[in-house]
Structure formats: C-alpha cells, structure tokens
Amino acid sequence: MFMSHYATEVCKCPLLGGNFAFAQNSAINGKVVDASGEPIIGAAVVVPGTSTGVTTDLDGNFSIRVASGTTLEVSCIGYVTKRVPAVANMVVTLDDDAEMLEETVVIGYGVQKKSDLTGAVASVNEQSLRNLSTADAAAALQGKASGVHVLTNGAPGEGAKIRVRGYSSNTTDASKVEPLYIVDGLQVSGIQYLDPSMIASIEILKDAASAAIYGAQAGNGVVLVTTKTGAEGQTTVSYTGKMTLQSISPKRPVMNRADMMRYVGLEYGDAYVKGYVDTYDKPNSAYPGGVIDTDWIDAYLEPSWSQQHSVSFSGGNKNGHFFASLNLVNQDGVVKGDKDVYKRLTAQVNADYNIFKWLQVGTNNSIERWSTKGVSQRGYASSFDSMLTLDPLTPVYWKTPDEMPAAFREMYDKVQNGTADAPYRFLGDENGFFANTPYSDVEGNPLAKRDAAESSNEGFNINGTLFANIKPVKGLTITSRFGYRIWQSNQHSYTAPFYIGRGSSDHYEISHNNSNGYYYQWENFANYDFQLGRHNFTAMAGMSYREDNSDNLRTSARGATGEEILSATDPQFHYMADVKSDVPKTVNSGVRPSRSASLAYFARLIWNYDNRYSLQANFRADAFDSSKLSKENRWGYFPSFSAGWTVSNESFFKDNLSRDIFNFLKFRLSWGRNGNVNVLGGYSYDTTLSVANNWYQYHVDQTGSTFSTAPNLGGGLPNPNLTWETSEQWDAGLDARFFNNRLTLSVDYFNKQTKDLIFKIDTPPELGASTSTVNGGRVLNEGWEFELGWKDTIGDFSYSITGNFSTLHNEVLELAARAGRIINTDASSTNYKIQTAFESGYPIWYLRGWQYEGMDANGDPQFMGADGKITTSPTTGDMTYIGQGTPEFTYGLNINLAWKGFDFLMYGAGIGGNSILPVLHRTGFKNGLKVYLDGYDKGTMPHPEKILAFDHPFWSSTGNLFKGDFFRIKQLQLGYTLPSSLTRKASISNLRFYVSLDDFFTLTSYPGLDPETASTNNTSGAGLDWGSYPTMRKLILGVNLTF
Amino acid sequence: MKKIFFPILLGLAIIASSCESKLDIPQKGVISYSNFFESDAQAEAALTNVYASFADGVASCNGGWIFVPQLMLLNYSADDVLAAGGDSEDHGDFRVFCEFRYDETTGAIKTLYNHYSQAIYACNFVISNFSNENREGKEPKYQSAYTKQAVEEARVMRAYLHMMMALSWNRPNIVDRILEGDELPTQAESQSQVLKWVIAECEKAISSGSLPERSSVNDKDATARMTKGFAQFVAGKAAMFDNDPATARKYLGDLINSGKYALVPSEDYWTNFHIDGDGNSEKIFESNYIEDANFNGTMRGRWMTADVLCWRTGSLASTPTVCQNLPGAGGGWNGGAIQEDFAKKFLEHDGKSPRRLATFLTEEEFLYEMDWSGSKVNDGTLEEKKADPARGISAATGIYSHGPYFEWKMMVYHNPPRILTGGKEGYHADNVSTSGANSNQKNYAVARYAEALLLYAEACIGSGDEAKGLAALQEVQKRSGSGKISSTLNFQDVMDEKQYELWFESCRFHDLVRWAAQGKVDLNEVFNTRYGGIHENVPTVYDEFFMEGTAGYQKEHKLYETHSKAHYNKFEVGKNEYFPFPLDVKNGNPNLQDVLGWSYLNTAPVGE
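Residues numbered from 1 in each chain as written. Chains lettered and ligands numbered in written order. Predicted model: local features only at pLDDT ≥ 70, side-chain atom pairs only at ≥ 80, totals over all residues. Heavy atoms only, no water.

So, on to helix α11 (residues 340–350) of chain B. Within α11 of chain B, burial applies to Glu340, Phe342, Ala343, Phe346, His349 and Asp350 of chain B. Immediately beyond the C-terminal end of α11 of chain B, within one or two residues, lies glycine 351 of chain B, with a positive phi of roughly 60 degrees. (Buried < 20%, exposed > 50% of the residue type's maximum accessible area, 1.4 Å probe, protein only. Helix = DSSP H or I, 4+ residues; strand = E, 2+ residues; numbered from the N terminus.)

And the structure:
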C-alpha cells in the first residue's frame, strides 16, 4: 500500500533538551545509533532515578560525567529504552520499538505518525486481530476500540455492523448509517469479505476532523483497512487452521411442559388446558415415560463444526514487496442440517515494485467467492419465532401418519389418494414426519420451516486497486490510484407445496435473482513534505471520481393451486429454464440498471513546529449525481481543523518531570464537518411521470389490462432543495504515557451534532402525496472515551492489560419544522403496542410504551397515565419513554499474558444502559419466556389471566422490559509455541497450537435467548427481541505454522 | 525530464477526469411532464390511473392493511355488524369502529382519507391536463372526443369520492383541479355545499354527452367504469343526503327509466356478492378485478379478506367446505359477525328466503345443511350429522360475537355452497388463483341497483310519485323471496327493507346518520340502548357436542350462548356521526377544521 511504510529517519526527541546537572566525574563519551548504524539525534542518556543526564547531538554523540560502570538509561521515542553500563567510547545501539515507531496511522490519502495525530483515530493492529475466531473483519473490532460499537448477528454469514460514535440519523434503514469503509484506498460497501488474518491494521477515523477528508460520506465515521504486505528481507510461508465446535448456551429461556401447562392454565383456566390435552396429548414412546416434553431449542439446534484455513506467502526486498493469501471459511451454523451455512474462499494478492527510484507501481487484489444459506429468524412466523413459541406438548416427530392429528391426517390421506388440491409434501427426515402443533396456530415445527423452501445465495467479488507513486523531487509523492470492484450474485429459490397447517403452501414457486455490478474510482493526489527550519509541512491535494453501476434481473414463476410448473421435479430441474412454457414467468418490473457517480476535490495541510505544535486543516468539496441531488444543490463543502500540543516535548516538562514517571503528554483539539449522503436517492427532488406502473381491466370477463401513467410521487412531493445530512463535531483529547511507556492513557471528549436530517413531513394528501421530504432536525451524540493500558515484562513473563470505556449520550435535539414525533411500530405484526419513536428530547428510536405501576387490589396491572394518575386501562396517549435500545456505554477489556512458549489471551466486550423488550408472548396454547411464570410466582408480574392478550398494555410496558446490559468474554485463548530449537530442525520458524473458548461466558440478567443478538435489530427496532439467531459459543482448536 | 513529464500528464488527467457532466444521470423508467398529454393513448393511460387508484386505494387493502378501509369503517360503524375475532381483545382495528373509540390518530381513518384524496388527485390529473380546469385556466395541449370522455369519467369518479368524503367527514375539502405544491386545499363551508357541487358535477358529466352509457342490462363492461347510470346514481344519492328528494327523484327516476338495470332473480341474489355476479344486470359500478397472471395482484385481490370475513374456522370441528382452502388450522378470523338480534328479526321477516339464506345461516343450516370438509356424512342422514364430530364448534372457548347465526354473505367462497347453488354446477370460486386462497377476486361493489330503487322509494315518500316509489320498494321485496310486500309506501318499511337487502354493503351507517339528522331515528337508541345495548350483551356461542358436562356432550350438536359485556365507549351523539380528520392530514394542512364533537381538536397544537 502506498506509504504504509513511512520511513522515520529522525528521532522525534527534541534536538535541544535542557542541560542536566553534572556530577563530579570524568566525561564518558559515547554514541547512540539505530540498528542500521545511523546516529540517533536527541536521544536522552540519563542515570536512572537521578536528574543526571544529557541528550545526543546531531551526530548521535554524547558526553556525560559519571563514574565508569554507572548504569545509563538511553531512551528515545520510537526506540526500545536500553540500560547499559557506562564505558569509555561506548556505542549504544537502540532497537526500533516496533509498537512505537511503526505506529504510523493511515489517515486517508496519506499516513501520519500516531504521535503526530491531532484528530481522534482508533487504530487496531495486526496483533489485536490475530487468532480471532470470527471470519468477519468488522466483528473483529468488537471491544477493541473506544467509541466503536459493533453489532453482531449470530447467523453464519451475516455481517457485523459498525457504529462509530453513536447514532445520528432518523433513517430506519441500518445500511444508511454505516461508516464509510475504505480498504487499501478502495471504497467498499462492507468488510465482511476480509478475513482478519489478511489485515495489517484497521483505523477508525472517529472525529470529524480526521474523517473530513472523506466529506459527504464520512458523517458516520470512516473505517480504513490496510491489508498485509510483504516485509523486506523476510520470506515466509505460513498456515493457520482452525476447527471450531459451535454450540449454544445450555440456558433455556422458555417454559417446559409442566411450566407451560401451568401458565396457560393460569391464563385460560385448567379446563381449557385439559380440553386440549385430552384431545391431543397421546403417549409417545420417544419421550421418557411417554410424556411429551419437547425442548424445541434442542430439537432445532445442535453443535456443529466449522473450519477455517489460511495460507499466506510473503516476501520482499528493497525493490518490491509481495503478499499472497488464500483463505477458506466453511461455517455451518447450529441449526440442524446444512440450511445455515456460510462458505467463503478469498484470495488476496498484494504486490508493489520500484520500477525506478522515482516510480513505484503496485496492485492489491482480493477475489472472493461466497455462498450462504439461511433460515428465517427475527420476525413473526420465522423459524426462530416458532422455536420459542411452539408448545412442548407437540412431539418433534410423528413416526407414522397415525400419529397425526385429524386435520393433518385428513390432508395426508387426501394427498395419498390424489384428492387433495395440491400434491402437498409432509416434511420430515429419517426419524419421521416433522410434527406440527394441533394446539395452536403457530406455523409449526421450526424444522419444517427450515425445509419448506430451498434457497441459496452465492456470488463473487473482485476488489482491487492499481497504483503508481511518482516521486519526481524530494518530498513529493504523486499517487494515481485506480480502484475497482466487480460483483455478481445469484439467488435461487424453489418451493413445492407443503402442508404444515397454518402457513402451508399450495403452489409451486421458483425464482432466480441475478445481480451484478461494477464500481470504479480514480483518485489522483499528491503529498508534499517539506521543512523550513523547525517547521515541518505536509501538503496534500487531489481529486476523486467514483462511479457505481449495478444491473439486476429478478425472475420468478408461480403456479395456481397444485399446478406443476416445472418439466420435472428432481433437483436438477429446479431452474427457471425448466419452467413449463405455458406457465407465466414474471420479470420484476421494478428492476432497472442503476448508475451513480460522485466527484470530489480535496486538500490537506499539516504544519508541525518543533514536534511541539501541530495544526492540520482538511478541505473537501463533494458533488453527487442527479439521482441524489439537483444540479443546483449538488456541491457540498467540508472543512476541518485540528491542533495538537505535545507538552512533553516542552522544556519545562522535560526539565521537571522524570521520564521514569511521565513520558509523554499531548493535547488534541479538533472541529470538522461531514455529511451523510446515503440517506438521499431516488430523484426525490424531481417531478416525473411513471409509465405502466399500474393497470386496470376494462373488461369484466376477459383478461387484458390497460396500463396507466401517473405522476411519480411514491417518495412524496418533490423537494428541489433537498440536501444531505451534515454533522459537525468537536473533539478534545489527550494522550499520555507513564512509567517508561508502560502505562498508556488516552481520553477523548466528543460532541457531534447532526443536522439536516431527512424528514418526511405531512403534506395535504390532496396535493397528490401525503408526505414531502425535507431537511431538518438535529441529533446530538456526545461522550467520553477512555483507553487505558499497562504492559510490562518480568523476566520471561510479559503481560499487558488494556481496557476501553466509552459513554454515549444520544439525544434528538430538534425535529424538522412541521414534523411530529416519528413513530415506528416494528413489532406490530405481533400485535404488541410497543413503539419506537424519534422525538426531540429523547434518544433516537427510544422505546415508547407504558410505565408499569404494579397491580391494584384486584391484581389488575396498573400504569401511569399522562395526567399523572394511575390507570388500569391506559391509552396510546399515556405511552412514554421507557428505555432505549441503544447502549449508553460500551467497553472492552484485553488481557495478554506470555511466559516462555505459552501465551494467554482474554478479551471481552460489553454494553450497558440499553433495554430489551421481548415481543414473544402469544395468546392461545403457545410457549413463552419462563420469566413470566417466575414473575407471577414471585408476585412481580400480574396473574397471566390479567394480561392474556398480546396487545395488553402490560406487554408493552416497563413490566416486560429488561436490562440489555451484558459483558461477554469474547475470547479466552491459551496457546503454546514450540521452542524454535525444536522446530528449526524441520525448517519451521514458528509452530503454535492453541485452544480457545469464544463467546462462552456472558454476564447478563436478560431472560431471553441472547442479549447481544436480541438487540441487534434494524435501526428503529433496536431493543425489540423477536427471536433472533443467538451468538454461538465456540470451542476452537487451532494451529499457526510459519516456515 | 521524465520526472517532470509525469506530473504534467497527471495534471492533465485530473482536469480531464473532472468532467462534471458525468454526474448528470437521467432517471430511468419515467418520462417528463413536457412529453405528455398529447394523444388518446396517453389520455387512456391517465384515465387508467383513475381506475387503478380507485381499485388499489379504495377498493382494496393496498397500503398494508388486511382489510379494505372503506368496507371496514362504514360497516363496522353500523349497528348490525360486530367485530368478532377471538375474543373482546382481538381485532382491535375493527373494534374501535364498532365501539366508537377511534380518534384522529386511528390508522384506518388516515388510510381511507389518503386513498380517497389520492384517487381524487388521479381524477384531477386527467381533468386539469385535458381540459382548462387548471390553476391558470390553460387550454390543454391536445383534445379529442376521447379526451373529453376521459375528463367526464374522471369527473364522475371525483364527484363520487367527494360525496363519500362528505358523508364520512361532513366538510371535506373540495378539490376541483390539480393543486400545486405551494397551495393548500380549501375546505367546504358545509356538507351541503359539497353535495350540491357533487350533483352539479354529475349533471355536467351527464349533459356533456361524452360519458359512456350502459348499452343494455347485459352490458357487463359498463359496470367496470364511470357511466351515465352511475352519475345518475351519485347525483340521486347526494341529493338524498342533501335532503333534496325532488332532485333525487329526478336522477334516480332517470336511472330506473333507462331500463339498463334490473334486479337478478331471487335464486341468484347470492351471486351479487360472489364472482358469478360480477357485472350482472343490477350492478351500477364495481371496481373490476379479474386475475391477470401477468400481475401479482395480491393486494388488488384484497389480500386476507378471505381470512377476515370467514368464521373462526380454527374453533370449528373441521373447515366448512365453502372456505376449505383457507391456509392452515388458523383459517378464518371471524372478522364481522351479524348482530344476533338483527339476525333474529331478519329471520322472522324473511324466513328461508333466498336473500336471508345468502346473508346468514341458522343453527340447523350451519350444522346440518352445510358441507364440512372433514365430514364423511355430508350426504348422510340428519342423525348421522348430529353425531358427526367433524362439524360444529369444537373450541371450548366457543366463538365470540356470534349467536346461533352465521353470516356468509361477504365471505370468500372456495366452493360455492350447495344450499345456495341448489346443486347446480358451473359456479366459480371467488378466488381462483395465484393470488392465494386468502384473497378475493370478486369485483368490489360500489353501487347496486337495489340501493338505487330503495333510495328512490324513500325519495318518493310524501311526493306525487308515491306509486312509483312503492313499485320500486316492491320490486326489491318481490325479488327478496321473503313473501312480504308493502301495500303502502312508508319510511319504516323502506328503512327495514334496506337493512335486510343491503346488510354489510357500506350504506347503513351513513343512512342512520342522515335519518337522525332528519329526526327519523335516534342514534342513542340505535347504538346504545336497543337490544339492551349492542355491546352490553355480546354473545359467545358454544356447541354442546364438544362441551364436557352438557347434555349433548359427544352425542348431539346443539348450540348455546353466553353473553358478556364488551368494554369501552358508546356512540356519542353529536360526535360520532362523522370521523375526525386524521392528525397527519391536519399537520399538513392546518386550515382543516373538524366538526361537531371533534371540534375540540381544532385548538390542539399542530405538530410539536
């Protein structure tokens, strides 16, 4: 990658330190050099624990009056501090401190030394990403950096989502508030395709000043990923392999047979339960004592194995670098069978070469082939919803048709004798038919839901860049970089009629969706470093053009009841080509090729004086194409400014504070402006006519439709003044290091205000559309971020502990003029009344429900009314803030221990301050969370009869609200590296085995399946637990091998 | 030199690539206004949008609802339909209208208002662009005989929509042309102003000579669009609501005298509500829907209405054959029950008339004369049926809102029932198709000749045309098969006949409000005290056959009832006659004023 190996030639210790006091000894002369023998300028040479000391001169020489043999400590930022005895004409060689010196940070169109940063940039390096069990680079960031919240989903292949410094937008579309992802300079839509083992570093540009160089797309932060490159003089071949046993927590949040019968009995009376049980509950030899007590979680989920293999080759010399890696992921989730799988093969090839001294060319490419299959989750009638709500009285299997309840048997017989209206399948496996409940209208056995339809999704992506760095004169680097992405994906699905009672399908259906596209960007920019005395400047200017093209085709066919649509039903005929010629095929009419483009100019100036004062200014002008903004409104301007003051390089600091105690202190302050253009689109500023989007039939007895033309007002009344969301952010921070750099501390405060949100406001529907889209409103995200680390070595034992903690105060400050509280009823298909709302004075999409006030003398649940009076029948008007789905604080903890060949890693992540409201209670003979029965027994929850209906206010009140806080030990890993004396004989430079427990231990009070994935809903539905794929627990056995 | 060359090249490249014109990407799949309104084909496309808007917005459940808003607001607000569901907590979206506990935020009210408004906008899109009825009075770019017809059809549709809004909201806006983005619509001064305008618009369309006319009673296609006959119906109905029976007599009389409409025979009465009656001789206007495999017409086919308007089949011993394809055990949802006291009165009046039989079944008919899909004795003896475990109400919880009467007039028939077809073959299922067994492909009825006859009869009371009015009433009575024929024309007979004839046909609630305004009925009595208060005594019906401890347990089917009180509000006279304007609409248009008991909302702050 361009400039990722930014050479640092001069020690950044100040040239002129103060003169230390001299003791009465003869002078000992010496020289301090780096590993290559170059003199180190400005290194401190001191007698530890005293104020005696000097600094090296321009040639690295020093002279100090101490007794021969006195221990001297030689230190310089960027080098490992060394203690040596004083001898005449000594030469002290300081080794590079990899962690200090190498910590250059990618900042967008350039790099900067971490110590010079003036903005808030979180940097996660290779070490932190090593040996993670996740195959998703985004998930790897969880708990690693302050201010970065990672939302994961349990299901294989579902990418994690990153939120940087809060939640700024009122959009309900989670994809529109993602940060901008840049991999090796290439803008990508997500980083799921990257295996963490291919990554050299991830930088998150958190504050607006850092992100401003990306302008209108950087309002939600920027994630910069740098993939690995070959190192000079080191040729390695390495292999890492992992076998992962996945399982889920043994915790069972739902009721068993006895509990559920008791609960339903409390709801409807024991006679009701008896009525059902007498009718349907038959002894079943598959269960102990013949009593059916199905654990649907056990029935649906089972431990499964996944594999991950990676081979990489790297090497380099003065002229060039090479890195190639091949990575295979084969993940089969915990749902029984192979219907939830994620397979991925990724190849990464990075190479660069210095053709001339002044010309370097290179390319980074990744080729990804992926495929996924998934099961339905997180929604009404999904397989996970069935798993949690299905009664334990239904067996998993009916071994023979005789075990079927009457309605099923009736249909089964009809199918057998050919009188059914469709050739229904009765789904099952070698153990029998998947049984379905006769007790309720739950859409049945989750295994049947899993198998009812066949669908697969697969595709490939080719991402890459080609670049040239031209260095015509000293200090000037001109980069021209062409980036591209090509993708293609295919989705096939096929459903034959099946019978599961409610939710059955009586027709054949097939579909094939194909999508492909390409994206390219061309960026040209120049960086110029120059010095004027003690003034160091870096100037950068450039331009960028980006264009995104996609083209999709969606086709499907569907038969009438029972009508066969394929020429044959064997799997080799499950394609659109096999649809019979007389069956109508549908081509989705809404799909058209799409193109979008943007153009930007940008510039940056960094000024540094004497390593003490830094100023940085960024500017970007962005223009987007006419699908987003009108020609008059297309340009936007994004400036930012930041400043840094390295106090520890001031003489008053150095003169007065011992380096043993206080090594480094820097203050940072920044302000900047960014945009979020993702919320725009669809020509919403323009009025046009839609052709043939609707139809009417003028003939009563014969088909034949006439198409219509109508004003295109689907998005509301056009608004020619629309523009993007804009964020402005202040950041103040400090970085400090103590005790010979062993203790590090970083603190940031940020205040980010986002304005010009996109609101749909009401307009008179008489104008043709009942809404219009306008800009307005303000959202505040404000918080503190702390990172604290300690590392040390005691003999063979080295250890480090780092922790981060971030607070987030999120508040909607203002809505657009004429806009009222925006209400979403994400759980409405469950008939729950709970809302999420976007309203001034509250966190975004807060949970809006009733305040539960215990029970009255009759045991009826009571609620707080808007008038301050207690009521048992509250109205919508009494709904109020009851909690927020987004966390108020997030934190992470990393512990690394190493002793001889052993290493131990523990890392965990947690969130707090958020609430979860499960929407899993159902009426009738259905299962629910055990906590409701326990709550009744303890007297904290009403009698089930009182809260029978799922639209009862209780279910949407604080009575059914739980803390979403959790701390999860994401990884607990123990490794052992064989002694190199042993492995060298086999030409192995490194061989390490490890065992790891990932996501095994969770601290939470949440009574549902998993607090982590429960709250990862879409943006406006955060906090509502629908029954989601839980985070899998993983036992990993792994090996790392390097030749 | 080389080193200098490259930066220059790059600099040039930067300039070359900065071509801003690459950002001009025209929208695909749309055309601009300037290329339109220039041909008959384009006029037809714009007119088709009028019918499509009506079909999608007013006549179907498009917009995410599982019911048709007009059907629901108007019928559940009437005194003879009960929202049923599983229990008193179920189907709250319907119950709020039954129990008059909706408010300005109720979603269905907003949906209906918006869908009416959007359909009016579609009408104005034709009228303002193919005539000079636009903001500046600009002449159209193109005019022809066809564009004139299109304008008049749109005009009649617009009049009908305004009338419906006036009957539901009292003082809606009159929107007589396309409004521009900077305009606010103007609210009518009174309901009468709207109705008079409706009549004038219908007259304009009728007298233009451009409006299509039904060619004969057999002309089906004319029932699917705006015709002279429908314009006469709308003008006549609007006049009745404007308390102007003379004008009503004129238009309805013209409609009757045209000879283009006729009631179908008694035994075919039931087909009016099912697919075989689409476009029949007594239809004046129906929004047409036939399955076209080229479109996924789920919403147009009224998705889920089959479930909503079917009995609660999950509580039955097996699914009745009439609706046996409803997916799953959950099947029907028991959306709208016939109020039991009214059903009883209807039964007493009509006996086993084809009309009554098409409307609801009695206990015996339900248990023994109807086919049950799970039963092996559908052709068996009564004794066999009495002991048949595959029929009857099996749920221990019974069926809520039902007495021993089981409406099926508006149900979606998967198999036209033998009791109605008389065993005759060749009738069609109401849903055919790829849209799914829970949709309805029957046309959405808006105006039926029987309503025109009864409106006319009412308009004639006390006028010189009483004989003609009586004849109109008798025509309906004769056809019903009840055997009751009035010998004089009086209001009570017309009112009662209308309730029997047009149950669940969206006109009862508006009529009650109108009659109350004319002092003919007492709404407090109708809604709150008659039959001891409709919601004070909501029945639940059980079947002894399935109820342990009863005499018939596992021996013989016998229905029995219990009653319970539904909670919540009552009809508030002086308020619930009209709906409040939806809050969102008022947010967009602060000028809009609610009427009657809702007027307190006018002082509420707009927005926040």
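Let us look at the packing of helix α17 (residues 466–480) of chain B against helix α18 (residues 491–501) of chain B. Residues and elements named next belong to chain B. At a closest axis distance of 11 Å, the pairing of α17 and α18 adopts a crossing angle of 40 degrees. In this view, α17 runs oblique relative to α18, as classed from their interaxial angle. Note on packing geometry: the crossing formed by α17 with α18 is left-handed. Contacts between α17 and α18 involve Leu473, Val476, Gln477, Arg479 and Ser480 from the first element and Asp493, Val494, Glu497 and Glu501 from the second. Class assignment for the residues of the contact of α17 with α18 results in 3 nonpolar, 2 polar and 4 charged. (Axes fitted to C-alpha atoms, helices over the stretch in contact; angles between N-to-C directions. Parallel < 35°, antiparallel > 145°, perpendicular 65-115°, else oblique. Left-handed = near helix turned anticlockwise from the far one by under 90°. Contact = heavy atoms within 4.5 Å. Nonpolar A, V, L, I, M, F, W, Y, C, P; charged D, E, K, R; others polar.)

This part covers the environment of lysine 666 of chain A. All names here are of chain A. Relative to the helices and strands, lysine 666 is located in strand β33 (residues 662–676). By relative accessible area, which is 2% here, lysine 666 ends up buried. The spatial distance from the C-alpha of lysine 666 to the C-alpha of serine 376 is 51 Å, given a sequence separation of 290 residues. Apart from the residues within four sequence positions on either side, lysine 666 is in contact with Lys114, Ser115, Asp116, Leu117, Trp645, Thr646, Val647, Gly733, Leu734 and Asp735.

Counted as a void, the largest cavity has a volume near 530 Å³. Taken together, the elements giving at least two residues each to the lining of the largest cavity come down to β17 (236–247), β18 (304–316), β19 (320–332), β52 (966–977) and β53 (990–1004) of chain A. Grouping the amino acids of the lining of the largest cavity by side-chain chemistry returns 11 nonpolar, 17 polar and 6 charged. Size it by volume and the second largest cavity reaches roughly 420 Å³. Lining the second largest cavity are 30 residues, and of these Leu71, Met410, Tyr444, Ala445 and Ser506 of chain B lie nearest its centre. Among the elements that line the lining of the second largest cavity, the one with the most residues is strand β10 (residues 444–448) of chain B, at 5 residues. A class-by-class count of the residues in the lining of the second largest cavity yields 16 nonpolar, 6 polar and 8 charged. (1 Å grid on protein atoms, 1.4 Å probe; cavity = no way out; pocket = protein on both sides within 12 Å on 5 of 7 lines; lining within 4 Å. Points joined across faces, edges and corners; volume = space filled by probe spheres on them.)

With that settled, consider unusual backbone geometry. A negative phi angle is the norm for most residues apart from glycine, just as the trans form is the norm for most peptide bonds. Its identity as a non-glycine residue notwithstanding, aspartate 610 of chain A has a phi of 60 degrees, on the positive side. You can call aspartate 610 of chain A buried: its relative accessible area is 19%. With phi around 60 degrees, glutamine 554 of chain B is a residue other than glycine that occupies positive phi space. Structurally, glutamine 554 of chain B is set in the loop between β11 (538–543) and β12 (559–564). Overall, the relative accessible area of 56% leaves glutamine 554 of chain B in the exposed class.

Each strand in a sheet pairs with another by means of backbone hydrogen bonds, the pair being arranged parallel or else antiparallel. Residues and elements named next belong to chain A. The strand order across the open sheet formed by 3 strands is β22-β24-β23, and the pairing between neighbours is antiparallel. Bordering the open sheet on either side are β22 (397–398) and β23 (428–429), each of which pairs with just one other strand. Summarising the sheet, β22 and strand β24 (residues 432–434) pair through 2 bridges and their orientation is antiparallel. Bridge pairing in β24 places tryptophan 398 opposite phenylalanine 433. (Pairing = 2+ DSSP bridges.)

Summed over the entire model, instances satisfying the criterion amount to 101 salt bridges over all chains. Among the ionic pairs, arginine 165 of chain A bridges to glutamate 785 of chain A, the shortest N-O distance being 2.9 Å. One end of the pair, arginine 165 of chain A, is in the loop between β12 (161–164) and β13 (180–183); the other, glutamate 785 of chain A, is in strand β38 (residues 771–794), with 620 residues separating them in the sequence. The exposure class assigned to arginine 165 of chain A is buried, which follows from its relative accessible area of 2%. Glutamate 785 of chain A gets classed as buried once you look at its relative accessible area, which sits at 1%. Residues joined by salt bridges that share partners form a network here, namely Glu282, Asp350, Arg355, Lys409, Arg448, Arg479, Glu497, Glu501 and Glu505 of chain B. (Salt bridge = Lys/Arg side-chain N within 4 Å of Asp/Glu carboxyl O.)

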